[in-house]
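Summary of structural features
So the chains spell out like this:
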Amino acid sequence: MLKFGQITVVATIALLTIGVIDFFFKISPILYVTILLLWFLIVALGSFTMRWQIFTTAFTKGNQNKKQVAITFDDGPNAEFTPQILQILKAYNAKATFFCIGKHIEKYLGIVQQILAEGHTIGNHSYSHATNFGFFRKTRIVQELSKTDALIKKITGSTNTLFRPPYGVTNPSIAKAVKETNHTIIGWNVRSYDTVIKNPTKVLNRLKKRLSPGSIILLHDTHSRCPEIVERLLQFLKKEGYEAVTIETLLTKN
Ligand SMILES: [Zn+2]
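Keep in mind it's a predicted model, so treat the numbers as computed, not measured.

With respect to the domain arrangement of the protein
If you check the domain split of the protein, you get domain 1 (4-47) and domain 2 (58-251). For domain 1 versus domain 2, the separation of C-alpha centres amounts to 38 Å.

In structure tokens:
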């Protein structure tokens, strides 16, 4: 996939070329506007589409040669639903990855400890999960990541390197920030829309249709439907011979 810099260079060259031609033969101004709009559209869509990797490297799937998937939960931990989900994961001997929000970690240290004690992975999902996170400058993003990592370190004793950007947004500021903090960005290739679709069966049908070996599945441990979805998903995975593993295991070569 093209990088942000390359896209900008191509757009600039196109504008300059049209400018030169325009000097000799009159060209409609619509052409300039079209190129600018195209540039804007690609960059805007790219910031919401991590797998395009326009701004930075992001892992959106793992090894496709093994029947393994990584179930990931964003926005927790949640006092009510995370413990229920942990219980279900344990019953199916499944491992998962929880991308936690720093301010929630502060509130529910015990749940984070339980997540780790039961063999799951914790990742950084920013400190505030602010709605305008995509507009934060690099320094503020670095602060958010460091603050959450410090909380994780206090519990785990080890340094976290996994980051999932809020809303799945990547942009030049986030790219610069993770370069500085040395985080690995983890995206997904199977989105459940579990916070939007209120019918668990519909969510499951989406997941069943889309998942394949190496899939990274996005769910949220923040709503009452999640435990049911997880249980039925694990039943399906078991039936199909899939193993639910942590992100680290999924991304391990071999
Ligand atoms: Zn989130």
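Digging into the side chain of Asn 124
You can see Asn 124 is positioned in strand S4 (residues 121-124). The class of Asn 124 is buried, set by a relative accessible area of 0%. Polar side-chain contacts of Asn 124 include one of 3.1 Å to the side chain of Asp 149. If we ignore the near neighbours within four places in the chain, the residues touching Asn 124 are Phe 99, Cys 100, Leu 145, Thr 148, Asp 149, Ile 152, Asn 160, Leu 162, Phe 163, Arg 164 and His 183.

Comments concerning the pairing of S4
Judged by which residues are buried, S4 turns out to be covered on both faces: Thr 121 and Gly 123 on one side and Ile 122 and Asn 124 on the other are all buried. Of the strand pairs in this sheet, strand S3 (residues 96-100) and S4 are connected by four bridges, and their pairing is parallel. The residue bridging Cys 100 from the neighbouring strand is Asn 124, located in S4.

Some words on the coordination of the zinc ion
Surrounding the zinc ion are the protein donor atoms Asp 75 (OD), His 125 (NE2) and His 129 (NE2), which sit 2.1 Å from the metal. The sequence motif formed by the donor residues of the zinc ion is D-x49-H-x3-H. Of this pair, Asp 75 sits in the loop between strand S2 (68-74) and helix H3 (81-91) while His 129 is found in the loop between S4 and helix H6 (138-156), placing the two residues 54 residues apart along the sequence. We note that Asp 75, like His 129, is buried.

Remarks on the nonpolar core
In terms of nonpolar packing, the biggest core is built from 37 residues, with Ile 71, Phe 73, Leu 89, Phe 98 and Leu 237 touching the most fellow members. Per-element accounting of this core gives the leading share, seven residues, to helix H9 (residues 226-239). Membership of the second largest hydrophobic core comes to 24 residues, among which are Met 50, Phe 99, Leu 162 and Ile 185.

Here's the deal with the packing of aromatic side chains
The description of two aromatic rings rests on the distance between their centres and on the angle between their planes. In the structure shown here, the tally under the stated rule is five aromatic pairs. Ring geometry for Phe 133 versus Phe 136: centroids 5.3 Å apart, planes at 45°, classification tilted. On the basis of relative accessibility, which here comes to 1%, the residue Phe 133 falls in the buried class. The side chain of Lys 67 reaches across the aromatic face of Tyr 242, ending 4.8 Å from its centre.

A short note on the pattern of salt bridges
All chains considered together, the criterion is met by five salt bridges. When the shortest N-O distance is used, the salt bridge between Lys 26 and Asp 22 registers 3.7 Å. Residue class for Lys 26 comes out exposed when judged on its relative accessible area of 76%. Lys 138 is the partner of Glu 180 in a salt bridge, and the nearest nitrogen-oxygen pair spans 2.7 Å. Of this pair, Glu 180 sits in helix H7 (residues 172-181) while Lys 138 is found in helix H6, placing the two residues 42 residues apart along the sequence.

Let's talk about the pairing of strand S8 (residues 216-220)
With five of its five residues buried, S8 lies for the most part within the structure. Here S8 shows two buried faces, one formed by Ile 216, Leu 218 and His 220 and the other by Ile 217 and Leu 219. Two strands pair when backbone bridges link them, and S2 and S8 are joined in this way by five bridges, in the parallel orientation. Of the residues in S8, the one forming a bridge with Thr 72 is Leu 218. Sheet topology places strand S7 (residues 190-191) next to S8; two bridges connect them, and they run parallel. Note on S8: the bridge partner recorded for Arg 191 is Leu 218.

About the criteria used
- Residues numbered from 1 in each chain as written.
- Predicted model: local features only at pLDDT ≥ 70, side-chain atom pairs only at ≥ 80, totals over all residues.
- Heavy atoms only, no water.
- Domains from an automatic or database assignment.
- Helix = DSSP H or I, 4+ residues; strand = E, 2+ residues; numbered from the N terminus.
- Buried < 20%, exposed > 50% of the residue type's maximum accessible area, 1.4 Å probe, protein only.
- Polar contact = N/O pair within 3.5 Å; in protein donor to acceptor, adjacent residues only side chain to side chain.
- Contact = heavy atoms within 4.5 Å.
- Pairing = 2+ DSSP bridges.
- Donors = N, O, S within 2.8 Å, 3.2 Å for Na, K, Ca; no water.
- Core = buried A, V, L, I, M, F, W, Y, C linked by side-chain atoms within 4.5 Å.
- Phe/Tyr/Trp six-rings, centres within 6.5 Å; stacked < 30°, edge-to-face > 60°.
- Lys NZ or Arg CZ within 6 Å of the ring centre and 35° of its normal.
- Salt bridge = Lys/Arg side-chain N within 4 Å of Asp/Glu carboxyl O.

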